[in-house]
Amino acid sequence: MKIFKSRKSKLTYQITLFIIFLGIGFLLHPSELANMLFFGAGVGDICIVDIALSNHKVTTRTGVAIVLGATFFLFTSPRF
């Protein structure tokens, strides 16, 4: 689609979806649908980092994505 050719429009679209997934996931938290939405948001944050940091080295982007993914996993995982 022509609307998603610019980097800024892609980033805005992905951040909007990320926030929507998190919001619905927190509203429906003790369900399987919420777990799936959290997983989708976790994958989405990797895509957001890739677009937001496209001017940086691959190792920097990978490191930021791993830190964000680990933090997101720790906050959304059930407590033992």
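Computed from a predicted structure; not experimentally measured.

**Notes on the environment of Phe 21**
Alright, step 1. Looking at the element boundaries, Phe 21 is found in helix 1 (residues 7–27).
Alright, step 2. Taking relative accessible area as the criterion, Phe 21 reaches 28% and is therefore assigned partly exposed.
Alright, step 3. When the C-alpha positions of Phe 21 and Met 36 are compared, they lie 9.3 Å apart, and in sequence the two are 15 residues distant.
Alright, step 4. If we ignore the near neighbours within four places in the chain, the residues touching Phe 21 are Leu 37, Gly 40 and Ala 41.

**Things to note about helix 1**
Alright, step 1. Taking 1.5 Å of rise per residue, 21 residues should cover 30 Å, and helix 1 covers 30 Å from first to last C-alpha, within 8% of that figure.
Alright, step 2. Within helix 1, burial applies to Ser 9, Leu 11, Leu 22 and Gly 25.

**Digging into the packing of helix 1 against helix 2 (residues 32–52)**
Alright, step 1. With their axes 9 Å apart at the nearest point, helix 1 and helix 2 run at an angle of 160° to one another. Of the possible angle classes, the one that applies to helix 1 and helix 2 is roughly antiparallel. Here helix 1 and helix 2 pass one another in a crossing that is left-handed. Where helix 1 approaches helix 2, its residues Arg 7, Lys 10, Leu 11, Gln 14, Ile 15, Phe 18, Phe 21, Leu 22, Ile 24, Gly 25 and Phe 26 are matched on the opposing element by Ala 34, Leu 37, Phe 38, Gly 40, Ala 41, Asp 45, Cys 47, Ile 48, Ile 51 and Ala 52.
Alright, step 2. Of the residues assigned to the contact of helix 1 with helix 2, the class counts are 15 nonpolar, three polar and three charged.

**What about a nonpolar patch on the surface?**
Alright, step 1. Together, Tyr 13, Leu 17, Ile 20, Ile 24, Leu 27, Leu 28 and Leu 33 make up an exposed nonpolar region whose accessible area comes to about 640 Å².
Alright, step 2. Tallying contributions element by element places helix 1 first for the nonpolar patch, with five residues.
Alright, step 3. Position of Leu 17 among the secondary structure elements: in helix 1.
Alright, step 4. Under the relative-accessibility criterion, Leu 17 is labelled partly exposed at 31%.

**Observations regarding the nonpolar core**
Alright, step 1. Ranked by size, the top nonpolar core spans five residues in total: Leu 22, Ala 34, Phe 38, Ala 41 and Phe 72.
Alright, step 2. With three residues, the single largest contributor to this core is helix 2.
Alright, step 3. Aside from chain neighbours lying at most four places away, what touches Leu 22 is Phe 38, Ala 41 and Phe 72.

What counts, and at which threshold
- Residues numbered from 1 in each chain as written.
- Predicted model: local features only at pLDDT ≥ 70, side-chain atom pairs only at ≥ 80, totals over all residues.
- Heavy atoms only, no water.
- Helix = DSSP H or I, 4+ residues; strand = E, 2+ residues; numbered from the N terminus.
- Buried < 20%, exposed > 50% of the residue type's maximum accessible area, 1.4 Å probe, protein only.
- Contact = heavy atoms within 4.5 Å.
- Expected span 1.5 Å × (residues − 1).
- Axes fitted to C-alpha atoms, helices over the stretch in contact; angles between N-to-C directions.
- Parallel < 35°, antiparallel > 145°, perpendicular 65-115°, else oblique.
- Left-handed = near helix turned anticlockwise from the far one by under 90°.
- Nonpolar A, V, L, I, M, F, W, Y, C, P; charged D, E, K, R; others polar.
- Patch = residues over 30% accessible without salt bridge, like charges linked within 9 Å, V, L, I, M, F, W, Y side chains within 5 Å.
- Areas by Shrake-Rupley, 256 points an atom, 1.4 Å probe, with all protein chains shown as cover.
- Salt bridge = Lys/Arg side-chain N within 4 Å of Asp/Glu carboxyl O.
- Core = buried A, V, L, I, M, F, W, Y, C linked by side-chain atoms within 4.5 Å.

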